[in-house]
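Geometric and topological summary
The lines below spell out each chain.
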Amino acid sequence: MTSQPSDAGSAAAIPRLDFGRVSVFLGEKNGKYPDGNQVIVRGSDTRAVLDTPLVANRIGPEFDSADIVVLGHVHEDHLAGLHRLPKAKVYAPDADLEAARSWEALGAAYGTREEHLPQMLEKFQRDFFYAPRPDAIGYADGAVWDLGQVRVEAVHMPGHTAGHSVLLVEPEGVAFLGDIDLGGFGPYYGDTTSNLADFRRTIARVPDIPARVWVTFHHRAVYTDRGRLLTDLAAYAAKIDEREKRLVELLAAGPKTLADLVACRLLYPADYQELWVEDVEARTISQHLAELTANGRVQVDETGLYRLG
Ligand SMILES: [Zn+2]
């Protein structure tokens, strides 16, 4: 991976990689949350930006002159540059469309409790310049944007959210993987619209994407080595199995309710306190328990007590 400083004024400090008509601007710490990495596609007719992380606010005219925004999915850290593009057409995957259009739908997608919504909205407005886009337009699997001498194609790869899509840029062969981020935390499937089984299938399909360059929104940023991508993808998938193994170990120590298991924490450290942590833990653990009960490894009684089967 190579990077060169951009030549544009305020963007001078932003590392940038170019692949033909595609540019990747790296956010703080390679796009570690709350930041992300910005992909810009310069067609001969149309300029597209793929998602809009915080770093978009420091890029300048190369971002601010975008004609369209294609969101691979709808989460606050991917919307942080939208406020700079009030006239751009904003596209979101059909299953995430309402979340792009209104705060009510975004809050529901996160599964945020009613009493936490005002505080969460305030945080998003303060930290991510959040504003809904009631003008957002939906797109389906296989949607294509012809930008002039370069095209973007949507590949629906759900799990992280229901609409989550990989955006493939041709002929450059750049696949924007979004939040199939290959980071050390592992796959996130803790929203109400997330789905563990879908995420497993999505990970299995990543090697089939006909790309030569892979870009993640967070952390890993850019892969040009397929072998390294596959190694990191395997480690990423293994995090799901590690979580399952930990749950089985917790149940081996004695029967537990969902609340007991949430208190043990599967994803986050015990001392990590955010408004949403327990709900995300509960949704994540519930999906693993559903798999384990379906395949007979775990049984649940009428009081909601889970034990090894
Ligand atoms: Zn996300």
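Quick note: structure is the one above.
Read on for a plain summary of the structure.

Cut-off values and rules
- Residues numbered from 1 in each chain as written.
- Predicted model: local features only at pLDDT ≥ 70, side-chain atom pairs only at ≥ 80, totals over all residues.
- Heavy atoms only, no water.
- Helix = DSSP H or I, 4+ residues; strand = E, 2+ residues; numbered from the N terminus.
- Buried < 20%, exposed > 50% of the residue type's maximum accessible area, 1.4 Å probe, protein only.
- Contact = heavy atoms within 4.5 Å.
- Areas by Shrake-Rupley, 256 points an atom, 1.4 Å probe, with all protein chains shown as cover.
- Donors = N, O, S within 2.8 Å, 3.2 Å for Na, K, Ca; no water.
- Core = buried A, V, L, I, M, F, W, Y, C linked by side-chain atoms within 4.5 Å.
- Arc of directions from axis to C-beta.
- Polar contact = N/O pair within 3.5 Å; in protein donor to acceptor, adjacent residues only side chain to side chain.

Re the overall build of the protein chain
Along the protein chain, the regular secondary structure elements total 9 helices and 17 strands. The dimensions of the protein chain, computed from C-alpha atoms along their principal axes, are 60 × 45 × 35 Å. Burial statistics for the protein chain: of 309 residues in total, 54% are counted as buried. Contacts in the protein chain between residues at least 24 apart in sequence constitute 54% of all its contacts with a sequence separation of at least 6. Carbon and sulfur atoms provide 52% of the accessible area of the protein chain, an area that totals close to 13200 Å².

Description of the coordination of the zinc ion
Here the zinc ion is held by His 73 (NE2), His 75 (ND1), His 160 (NE2) and Asp 179 (OD), and the distances to it run 2.1 to 2.2 Å. Taken in chain order, the donor set of the zinc ion reads H-x1-H-x84-H-x18-D. Here His 75 is found in the loop between strand 6 (68-70) and strand 7 (89-93), whereas its partner His 160 is found in the loop between strand 10 (151-156) and strand 11 (165-170), with 85 residues between them in sequence. For His 160, a relative accessible area of 5% gives the class buried.

A few points about the nonpolar core
Counting 33 residues, the largest nonpolar core has Val 69, Val 74, Leu 106 and Phe 124 as the members making the most contacts within it. Elements with a minimum of two residues in this core: strand 7, helix 3 (97-101), helix 4 (103-110) and helix 5 (117-128). In contact with Leu 106, other than residues within four places in its own chain, are Val 74, Ala 99, Phe 124 and Tyr 130.

A look at the environment of Arg 151
When you line up the elements, Arg 151 lands in strand 10. Given the relative accessible area of 33%, Arg 151 is considered partly exposed. Measuring from C-alpha to C-alpha, the distance between Arg 151 and Glu 170 comes to 5.4 Å, with 19 residues separating the pair along the chain.

Here we look at helix 6 (residues 196-205)
Buried residues of helix 6: Leu 196, Phe 199, Thr 202 and Ile 203, and no others. Projected onto a plane normal to the axis of helix 6, the buried residues spread over an arc of 115° and lie on a single side. In this structure, helix 6 carries Arg 201 and Ala 204 as exposed residues pointing more than 90 degrees from its buried face. Packed against the buried residues of helix 6 are helix 7 (226-252) and helix 9 (277-294). The backbone nitrogen of Ala 197 has a side-chain oxygen 3.0 Å away, supplied by the residue at the start of helix 6, namely Asn 195.

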